[in-house]
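Each chain, written out:
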Amino acid sequence: MSDVVSSGVQAYIERGKELAAAEAHRRATMRQMKFDTIAVHGIYGMEAALANQGSLNEPIYLSSAQHFECSDHMEAAVSLQMPGWIYTRIANPTVHYLEETLALMEGYGFDGEVSAYAAASGMGAVFIATSPFLMLDDSPIQNGHRSMARPNLVATPRCYGGTFMLFTERYAKERGVEVRWVPEPENIDAWAALIDDNTRFLYGELPSNPTLNVIDIQALADLAHQHNLPLIVDSTVATPALLRPLCHGADIVVHSVSKSMTVSGLGIAGAVVARHNIPSRVGPDELRENFALYAKVLPARDFGPSISPFNAMMTINDLRTLRQRMDYISHNAMQVAQFLDQHPNVERVYYPGLANAEGHHLARRYMQLVDSNNGTGEAEHRYGHLVSFTVRGGVAACRAVLDQFQLIMRATDLGRIKSIATIPAISTHQQQGDGGRDLAGVPPHMIRLNVGGEHAADVIADLEQALAVAG
Ligand SMILES: *Cc1c(COP(=O)(O)O)cnc(C)c1O
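(A) View of the overall build of the chain. Looking only at helices and strands, the chain features 19 helices and twelve strands. Radius of gyration (C-alpha) of the chain: 23 Å, near the 23 Å computed for a compact globule of 471 residues. Projected onto the principal axes, the alpha-carbon positions of the chain cover approximately 80 × 60 × 45 Å. When the 471 residues of the chain are sorted by exposure, 58% land in the buried category.

Next up, the structure:
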């Protein structure tokens, strides 16, 4: 193909610029709105509705591909010189509505441009957010040679079991990446000591699943930026209703949107949300300029973990009430945590909202209900719905308690409107083995409880009768 753009293609590129400008205008308008308004509307406004037969809701484009007006249109769109969606693995209008909503919500209060990529699952998002940084060193050649040293990443082991396995099995064992776990992630000096010339990114999770560990995002971001590295944060448990890491210096946020964001549990989804102009020691300029877009149109296009438009719509619909839900469920979770904290058959409660919890002071700094006011001009603190606890009497007692629940469902899931419990050591964090669980601080007799939207008294009553079998 010739590199000279034909006049026909050029006309489409010009039309594309108008479309992009109109969307940028819409995005700028929505950025002036409050969080709830963004959650309810995203960028789907009256004009978009009228262009879609007046449909009040974002339509689900269950179509694999886009039809083009002519070959010039096709060439302009497929070469990404004008907005288009081409093929659902690459992009899709319904997925686009979701991505724009996620970027607006996660970027709320952040002074700068933010973009998002929606993946088929949270693990798809963690993979797409991290793997581009593990490429061969393509930085400028120095002293006649380029480093062929093993790349490394520095990460908290207090993370989701799937992330632990991705890093240790897929990256370390299969690809030779060095994974440097920080045994005490609260200690910033411990992170600093592990960074060297071959480090590619820092990776954190807060509050972590299942130990509710809270790290100092701002201090970690400062450290990462001193070394020209990006800080990637998994913020699944908090959601943007309670915490927006980009506002505290993080560069990339990943989510299992399958969890609290998609409360109905009707679809799996993931997200990579990034601010523009991130630091990175490797990769082309496009990677730094707009990481989420780069990830979407290049690595994700080739790896293929794209989300179904149907799941995207399920998610859009659930996101509309995120703030109210996180507020209400956090209230419930706090009552449950306080109940557990005084129960004689409970050894230890992990909940960042408890004043005696490790990391409570950091949780107070970072976790607040968006757009709330406690009456004295301060935001209300809310700590989410995930509460973990260890049972007195060890593994047998722990399993007996889980088996005794009559209302709380036994499942490896969280973020649901229904209360759900699991034992991480035999489910979410089973594959990583005893050594991996020790590193992650996951005891074998820990129950992870997702507090749902039932009345707190009923959840507490179920816990009370179940805990009676322990001790
Ligand atoms: C569940 C989870 C993931 C993985 O997400 P999936 O949607 O299940 O692929 C990643 N991080 C955290 C914190 C999670 O809870």
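Now that the structure has been shown, we can carry on.
(B) Summary view of the site of the ligand. The ligand sits among Ser 121, Gly 122, Met 123, Tyr 160, Glu 205, Asn 209, Asp 234, Thr 236, Ser 256, Ser 258, Lys 259 and Ala 269. The backbone of Met 123 places a nitrogen or oxygen atom 2.9 Å from an oxygen atom of the ligand. Take Ser 256: an N or O atom from its side chain is 2.8 Å from an oxygen atom of the ligand. Relative to its unbound accessible area of 380 Å², the ligand is 92% covered by the protein chains. Of the residues that constitute the shell around the ligand, the class distribution is three nonpolar, six polar and three charged.

(C) Structural view of unusual backbone geometry. For the peptide bond that leads from Leu 206 to Pro 207, omega is -25°, which places it in the cis range. By secondary structure assignment, the location of Pro 207 is in the loop between β4 (199-205) and α9 (217-226). Look at the link from Asn 209 to Pro 210: it is a cis peptide, with omega at 5°. Note on placement: Pro 210 falls in the loop between β4 and α9. Backbone geometry at Asn 228 places phi at a positive 60°, although glycine is not the residue there. Looking at the element boundaries, Asn 228 is found in the loop between α9 and β5 (231-234). With a relative accessible area of 38%, Asn 228 lands in the partly exposed category.

(D) Expanded view of the pairing of strand β2 (residues 152-155). Neither face of β2 is exposed, since Asn 152 and Val 154 on one face and Leu 153 and Ala 155 on the opposite face are all buried. Relative to strand β3 (residues 178-181), β2 runs parallel, the two being bridged by four bridges. Following the sheet pairing, Val 154 is matched in β3 by Arg 180. The β-α-β motif built from β2, the intervening helix α7 (residues 161-175) and the parallel element β3 has right-handed crossover chirality. With three bridges connecting them, β2 and β4 associate as parallel partners. Following the sheet pairing, Asn 152 is matched in β4 by Thr 199.

(E) Representation of the pattern of salt bridges in the model. If you walk through the whole model with that rule in mind, you get 20 salt bridges. For the salt bridge of Glu 23 with Arg 27, the shortest nitrogen-to-oxygen distance reads 3.3 Å. Linking Glu 23 with Arg 27, this pair stays in helix α1 (residues 7-31), spanning four residues, or about one helical turn. Overall, Glu 23 belongs to the partly exposed group, its relative accessible area being 25%. The closest approach of N and O atoms between Arg 348 and Glu 358, which form a salt bridge, is 3.9 Å. Residue Arg 348 is located in strand β8 (residues 346-350), and its partner Glu 358 is located in the loop between β8 and α16 (360-366); the two are separated by ten residues in the primary sequence.

(F) Region of interest: the packing of α1 against helix α5 (residues 93-106). Look at α1 against α5: their axes get within 11 Å of each other, and the N-to-C directions meet at 40°. The angle between α1 and α5 places the two elements in the oblique class. When you trace α1 past α5, the crossing you get is right-handed. Mapping the contact onto sequence places Glu 23, Arg 27, Met 30 and Arg 31 in α1 and His 96, Glu 100 and Leu 104 in α5. Of the residues belonging to the contact of α1 with α5, the class tally is two nonpolar, one polar and four charged.

(G) Just the nonpolar core, in detail. Grouped together as the largest cluster of nonpolar side chains are 94 residues, with contacts concentrated most on Leu 202, Leu 231, Leu 340, Phe 389, Ile 447 and Leu 463. Setting aside residues up to four positions removed in sequence, Leu 340 forms contacts with Val 346, Val 349, Val 387, Phe 389, Leu 463 and Leu 467. In terms of nonpolar packing, the next biggest core, distinct from the first, is built from 33 residues, Phe 133, Leu 134, Leu 153 and Cys 159 among them.

(H) Geometry of empty space enclosed by the protein. A complete count under the given rule lists one cavity of 30 Å³ or more for this structure. As a volume, the largest cavity reaches approximately 50 Å³. Forming the walls of the largest cavity are Thr 88, Arg 89, Ile 90, Ala 91, Val 95, Tyr 117, Ala 118, Lys 296, Ser 306 and Ile 307. In terms of residue class, the lining of the largest cavity is built from six nonpolar, two polar and two charged.

(I) Spotlight on a nonpolar patch on the surface. Together, Ile 60, Leu 62 and Phe 310 make up a nonpolar patch on the protein surface, roughly 280 Å² of accessible area in all. Position of Phe 310 relative to the elements: it lies in helix α14 (residues 309-319). Under the relative-accessibility criterion, Phe 310 is labelled partly exposed at 36%.

(J) Representation of the packing of helix α15 (residues 322-341) against helix α19 (residues 456-467) within the structure. The N-to-C vectors of α15 and α19 enclose an angle of 25°; their axes lie 9 Å apart at closest approach. One way to sum up the angle between α15 and α19 is to call them roughly parallel. Where α15 crosses over α19, the two elements pack in a sense that is right-handed. Between α15 and α19, the residues in contact are Asn 332, Gln 335, Val 336, Phe 339 and Leu 340 and Ala 456, Val 459, Ile 460, Leu 463, Glu 464 and Leu 467, respectively. In terms of residue class, the contact of α15 with α19 is built from eight nonpolar, two polar and one charged.

Quick notes on the rules
Residues numbered from 1 in each chain as written. Predicted model: local features only at pLDDT ≥ 70, side-chain atom pairs only at ≥ 80, totals over all residues. Heavy atoms only, no water. Helix = DSSP H or I, 4+ residues; strand = E, 2+ residues; numbered from the N terminus. Rg over C-alpha atoms; globule rule 2.2 N^0.38 Å. Buried < 20%, exposed > 50% of the residue type's maximum accessible area, 1.4 Å probe, protein only. Near = heavy atom within 4 Å. Polar contact = N/O pair within 3.5 Å; in protein donor to acceptor, adjacent residues only side chain to side chain. Areas by Shrake-Rupley, 256 points an atom, 1.4 Å probe, with all protein chains shown as cover. Nonpolar A, V, L, I, M, F, W, Y, C, P; charged D, E, K, R; others polar. Pairing = 2+ DSSP bridges. Right-handed = clockwise from strand over helix to strand, strands pointing away. Salt bridge = Lys/Arg side-chain N within 4 Å of Asp/Glu carboxyl O. Axes fitted to C-alpha atoms, helices over the stretch in contact; angles between N-to-C directions. Parallel < 35°, antiparallel > 145°, perpendicular 65-115°, else oblique. Left-handed = near helix turned anticlockwise from the far one by under 90°. Contact = heavy atoms within 4.5 Å. Core = buried A, V, L, I, M, F, W, Y, C linked by side-chain atoms within 4.5 Å. 1 Å grid on protein atoms, 1.4 Å probe; cavity = no way out; pocket = protein on both sides within 12 Å on 5 of 7 lines; lining within 4 Å. Points joined across faces, edges and corners; volume = space filled by probe spheres on them. Patch = residues over 30% accessible without salt bridge, like charges linked within 9 Å, V, L, I, M, F, W, Y side chains within 5 Å.

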